[in-house]
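What follows is the residue order along each chain.
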Amino acid sequence: YFAIHLLAAQRRRLDAALAPFLLAPDTLREVRDKMRAELEYGLKREAQGKATVKMLPTYVCGTPDGTEKGKFLALDLGGTNFRVLLVKIKSGRKRSVQMYNKIFAIPLEIMQGTGEELFDHIVQCIAEFLEYMGIKGACLPLGFTFSFPCRQGTLVGWTKGFKATDCEGEDVVDMLREAIRRRNEFDLDIVAVVNDTVGTMMTCGYEDPNCEIGLIAGTGSNVCYMEDMKNIEIVEGNEGKMCINTEWGAFGDNGCIDHIRTKYDREVDEGSLNPGKQRYEKMTSGMYLGEIVRQILIDLTKQGLLFRGHISESLRKRGIFETKFLSQIESDRLALLQVRRILQQLGLDSTCEDSIIVKEVCGVVSRRAARLCGAGLAAIVEKKRENRGVEHLQITVGVDGTLYKLHPHFSTVLRETVKELAPQCDVTFLLSEDGSGKGAALITAVAKRLHNIDKYLYAMRLSDETLLDVMARFRREMKNGLSRDFNPTAAVKMLPTFVRSIPDGSEKGDFIALDLGGSYFRILRVKVSHEKKQTVQMESEIYNTPEDIMHGSGTRLFDHVAECLGDFMEKQQIKDKKLPVGFTFSFPCRQTKLDEGILITWTKRFKASGVEGADVVKLLNKAIKKRGDYDADIMAVVNDTVGTMMTCGFDDQRCEVGLIIGTGTNACYMEEMRHIDLVEGDEGRMCINTEWGAFGDDGSLEDIRTEFDREIDRGSLNPGKQLFEKMVILGLHKILTRLGVEPSHEDCIAVQHVCTIVSFRSANLVASTLGAILNQLRDNKGVGRLRTTVGVDGSLYKMHPQYARRLHKTTRRLVPDSEVRFLLSESGSGKGAAMVTAVAYRLAEQHRLIDETLAEFKLTHEQLLQVKKRMRAEMEAGLKKKTHDTAKVKMLPTFVRSTPDGTGSATGFPVWGLVRLSRSGATSCAKEISLLPCAGCWLPGPSKVTA
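Just so we're clear, the structure is a prediction, and the values are computed from it rather than from any experiment. (Residues numbered from 1 in each chain as written. Predicted model: local features only at pLDDT ≥ 70, side-chain atom pairs only at ≥ 80, totals over all residues. Heavy atoms only, no water.)

1. Quick word on the overall build of the protein chain
Summing up its helical and strand segments, the protein chain has 30 helices and 28 strands in all. Residues classed as buried in the protein chain amount to 52% of the 947 residues present. Pairs at least 24 residues apart make up 69% of the contacts formed inside the protein chain by residues separated by at least 6 positions. When the accessible surface of the protein chain is summed, it comes to about 44,100 Å², and 51% of that surface belongs to carbon and sulfur atoms. (Helix = DSSP H or I, 4+ residues; strand = E, 2+ residues; numbered from the N terminus. Buried < 20%, exposed > 50% of the residue type's maximum accessible area, 1.4 Å probe, protein only. Contact = heavy atoms within 4.5 Å. Areas by Shrake-Rupley, 256 points an atom, 1.4 Å probe, with all protein chains shown as cover.)

What follows is the structure, given as structure tokens:
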């Protein structure tokens, strides 16, 4: 009704002033997409120090599961008020949270004074609360809700009007502990520092397990959410999730949303304590919305649209128009007369028309704030949906903050915007009734429960410095193992395999492969053919190896293998054929040729007697001959690691490393012959089976072995051996038993925590030893950057959800100058044994053809004696006058009757020129002497001799 009284010209000027606050759907989608890009960028390692949206890891890796219990102290600092809470948490069927709290004011002079004054004030408030509750003597676990940007507990920068000096860049926990020490009245166990946003998510997560986002819409604006670890490049590890404190208030500080900022936003920014910073927060949070309204009111008054064109002293005062007035004015229940009354309280003499305009201004400013906040939140929920890989996402957002709670329309507009911009997400908003202090207590409860586990498992967390040291140690072990002098005492045996190349694509034929390396024994028939392209067809059969055979005699074991091979050949109807056989024997063997393998020691729980020190090929041939119903040509015995490398080498000829991470662990690689003292020859390369499972058997890893490692070793079949392998292959059961943890529902988080740490260490250790091999290959090739492929097999690598990703990530970090492709062996090491045999068969065929070609050049001893006899006869015929003319061997006299004896001059024959010889025989003068043919001298023609 009153709007019709506004002149059309005034209406146009008012619309023009407010138009920039009315954001079109396309503009909001653009803001959403830019926010998404900034979120993604902030998670990258290269963005650290450059990203505006900081994406700070909080190291909160899960929401409450209902098992938390105990008494906890919580501090909540995030604005002009500071809160201290005592939180009692009960678990079980009647789980509950009881809270007792007291609010203390933070005076402006302390907010903007020194850091020491601020933390001394905080500690004074804590002391008063402890005194009030009668618990001053108790050292309770404490969670600190510190609602300012922090990176691993270090304050990045103040916001929300705080400016205390000597705090930015400092650890807030250290500052709090120092203040407690200065007061010297009580002690506290500070367990966790969290942001208010994280505290809100945890509080709501206690009520709704589906809550994985926390939103603050109050004095400040921020959001946190549970991000997949695999996407967080700035934190090691790939398994599970971690809460990320986005600190999205700084969105736009790089200018990406300057096109939607108004002149009023710029005026508010320039007049703030931190110009140019927190631009998105200054457009969306309660601390600044009232100031934006004030700037608009001043501009409209200057245009004569408000307050009769008179700018009062009250209106000129910064901060006079608080956001609470904005919320009151927008209330639907408030009549214009009451709006006038609020304005009059602010010293603004207004008319009803003024009240209409002021209400409209408040509406567009708060609506824009809610819409922008909704656009940012839509980017988060869409990211969550894509992380889960679902078409439709159901998720809960925990919310706190006076703007969301008290503003009459903000929450509604926010929800509508999220629904509009993220239509595939069903978002529930859960109001945090108890604030972020309860969340801090819950985080502390979770952290405290895991603290005991962390204490035991601390030694399993290996720094990059330690991993690089392990890498250097293993490189030295490799060098010792390759040396003829040091190999007998080396822990890492570096066994030559006599495999000299990977497949080159020309192999073909029909082969049998045996694969023995665990309780299951596999036999394969591998057909390699060439039609349009090289293809491999495989048929296989798996046979069980009973434990009594694994631990019985060697004769029983190889009779069992021969029996299984006979059964397979019967099924394949090839008993009448003598096919080339490759034998994958996945135990440490010493070889002097490809078709020989002297077992050094059993591993993987095998203990068959009479095999160590014997040639496994001879043992198998003996068992086959004993049967007598088929024959086999065993051309190659290889390790499963070598088989894996050869399998992957068939698909990628850059593959020169084989890696096994399964029941056991091992690696092989192609080494330069010039470095292998154990084998004659310096030309070409040969595959070395490192047998790295024994790394550390000489005590070189004692400083990083834990009590859990020693306990696992003591309970094994081979104490003191394969120590590195026992550290890599996860011994989770022993660790959980030692911790008293059973994998029940209540302990699921603890079990996951243990699994994460143990598997992470395993991947790190493998990456460090693999890094040593990669560095060796790079140095061998003399290149600055190595490009190679690692063939990998093994159940741990294949089936653990995060192991492979961890291994790849750590390898890239430890060996940054290598470009490594990890190629999974889909067909196992059996195919590799066939490929080794195929290569050996190809080389044997090549040698056969060469031998056939050169056969007539090879003379037997008898033939050479016959040649000697014939030459003697020819020589005699050439020396006789009767037979000289017809002799083939002319035996021409030279009339040189003696060799020089060094005693003096030579006389008795004509010479042209002069040669003078000293008694020592040294030439003092040399000329060319022409020797011409003469009677009685059989010279074919003129010759020149230099004496």
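2. A few points about the sheet that holds strand S4 (residues 96-105)
Here we have 5 strands laid out as an open sheet, ordered S4-S3-S2-S5-S8, and mixed in their pairing. Among the strands making up the open sheet, the edge pair consists of S4 and strand S8 (189-194). Sheet twist, expressed as the average angle between the axes of neighbouring strands with direction ignored, equals 20°. Direction of pairing for strand S5 (residues 141-146) relative to S8: parallel, over a ladder of 5 bridges. (Pairing = 2+ DSSP bridges. Axes fitted to C-alpha atoms, helices over the stretch in contact; angles between N-to-C directions.)

3. Some remarks on the sheet that holds strand S10 (residues 221-228)
Reading across the sheet, the 6 strands line up as S1-S11-S10-S9-S12-S13 and stay open at both edges, with mixed pairing between neighbours. Among the strands making up the open sheet, the edge pair consists of strand S1 (56-57) and strand S13 (425-431). Its contacts with the sheet put helix H6 (residues 196-207) on strand S9 (211-217), S10, strand S11 (241-245), strand S12 (393-400) and S13, and the angle it makes with S9 is roughly 135°.

4. A look at helix H9 (residues 286-302)
Compared with the 24 Å implied by 1.5 Å per residue over 17 residues, the 25 Å span of H9 between its first and last C-alpha is a close match. Most of H9 sits out of view: 15 of its 17 residues are buried. (Expected span 1.5 Å × (residues − 1).)

5. Concerning helix H12 (residues 336-345)
Listed in full, the buried residues belonging to H12 are Val339, Ile342 and Leu343. All buried residues of H12 fall inside an arc of 100° around its axis, so they share one side. Across from the buried face of H12, at angles greater than 90 degrees, the exposed residues are Leu337 and Gln345. For H12, the elements touching its buried residues are helix H11 (323-329) and helix H13 (352-388). (Arc of directions from axis to C-beta.)

6. What about the pattern of salt bridges?
The final tally for this structure, using the stated rule, is 62 salt bridges. Across the pair Arg705 and Asp713 runs a salt bridge whose closest N-O atoms are separated by 3.8 Å. You'll find Arg705 and Asp713 in the same group, each marked buried. Each of Glu702, Arg705, Glu707, Arg710, Asp713 and Lys726 takes part in a single network of salt bridges with overlapping partners. (Salt bridge = Lys/Arg side-chain N within 4 Å of Asp/Glu carboxyl O.)

7. Quick notes on the side chain of Asp615
Along the chain, Asp615 falls in the loop between strand S20 (598-599) and helix H20 (616-627). We note that Asp615 is buried and unpaired, the nearest opposite charge coming from Lys618 at a distance of 4.8 Å. In this structure the side chain of Asp615 is engaged in a polar contact, spanning 3.0 Å, whose partner is the backbone nitrogen of Val617. (Lys, Arg positive; Asp, Glu negative; His and termini not counted. Polar contact = N/O pair within 3.5 Å; in protein donor to acceptor, adjacent residues only side chain to side chain.)

8. Examining the packing of helix H7 (residues 263-270) against H9
Relative to each other, H7 and H9 sit at 120°, their axes nearing to 9 Å. The orientation of H7 relative to H9 falls into the category oblique. As H7 runs across H9, the sense of the crossing is right-handed. Judged by residue contacts, Lys263, Tyr264, Asp265, Glu267 and Val268 of H7 engage Tyr288, Glu291, Ile292, Gln295, Ile296 and Asp299 from H9. (Parallel < 35°, antiparallel > 145°, perpendicular 65-115°, else oblique. Left-handed = near helix turned anticlockwise from the far one by under 90°.)

9. Some remarks on a nonpolar patch on the surface
The grouping of Ile850, Leu854 and Phe857 at the surface amounts to a nonpolar patch, some 320 Å² of accessible area in total. Looking at the secondary structure, you find Phe857 in the loop between helix H28 (828-854) and helix H29 (861-879). Phe857 gets classed as exposed once you look at its relative accessible area, which sits at 65%. (Patch = residues over 30% accessible without salt bridge, like charges linked within 9 Å, V, L, I, M, F, W, Y side chains within 5 Å.)

10. Some points on the side chain of Glu281
Within the secondary structure, Glu281 is located in helix H8 (residues 279-284). Classification of Glu281 by relative accessible area gives buried; the value is 4%. Within the structure, Glu281 has its side chain in polar contact with the side chain of Gln278 (distance 3.2 Å). Those residues in contact with Glu281, other than ones at most four positions away along the chain, are Thr159, Gly220, Ser221, Gly249 and Tyr288.

11. Describing the packing of aromatic side chains
For the structure on display, the rule yields 22 aromatic pairs. For the ring pair Phe148 and Phe162, a centre distance of 5.0 Å and an interplane angle of 65° mean the geometry is edge-to-face. Residue Phe148 is found in the loop between S5 and strand S6 (150-151), and its partner Phe162 is found in the loop between strand S7 (154-155) and helix H5 (172-183); the two are separated by 14 residues along the sequence. Of the two residues examined, Phe148 and Phe162, each falls in the buried class. Ring geometry for Tyr404 and Phe429: centres 6.4 Å apart, planes at 25°, overall stacked. Here the residue Tyr404 occupies a position in helix H14 (residues 402-406), and Phe429 occupies one in strand S13, the gap between them amounting to 25 residues. Grouping residues by exposure puts Tyr404 and Phe429 together as buried. (Phe/Tyr/Trp six-rings, centres within 6.5 Å; stacked < 30°, edge-to-face > 60°.)

12. A closer look at the state of the cysteines
The final tally for this structure, using the stated rule, is 0 disulfides. In this structure Cys204 is not part of a disulfide, and its nearest cysteine sulfur, from Cys211, lies 5.1 Å away. Owing to a relative accessible area of 2%, Cys204 belongs among the buried residues under this scheme. (Disulfide = S-S within 2.5 Å.)

13. Some thoughts on the environment of Phe650
Turning to its location among the elements, Phe650 is positioned in helix H21 (residues 640-651). For Phe650, a relative accessible area of 17% puts it in the buried group.

14. Here we look at the environment of Met229
Here Met229 shows up in the loop between S10 and S11. The spacing of Met229 and Cys243 is 14 residues in sequence and 9.3 Å in space, taken between C-alpha atoms.

15. Notes on the pairing of S11
Counting buried positions along S11 gives 4 out of 5 residues, so the element sits mostly inside the fold. Inspection of the sheet shows S1 paired to S11 by 2 bridges, in the antiparallel sense. Pairing of Pro57 across the sheet is with Ile244, part of S11. Examined bridge by bridge, S10 and S11 share 5 bridges and lie antiparallel to one another. For Cys224, the partnering residue across the bridge sits in S11 and is Asn245.

16. Overview of the packing of H12 against H13
The contact between H12 and H13 brings their axes to 9 Å, and the two run at 85°. On the basis of their axis angle, the class for H12 and H13 is roughly perpendicular. For the pair formed by H12 and H13, the contact residues are Leu336, Val339, Arg340 and Leu343 on the first element and Cys352, Ser355, Ile356 and Val358 on the second.

Read these as layout, nothing more, since geometry by itself doesn't imply function.
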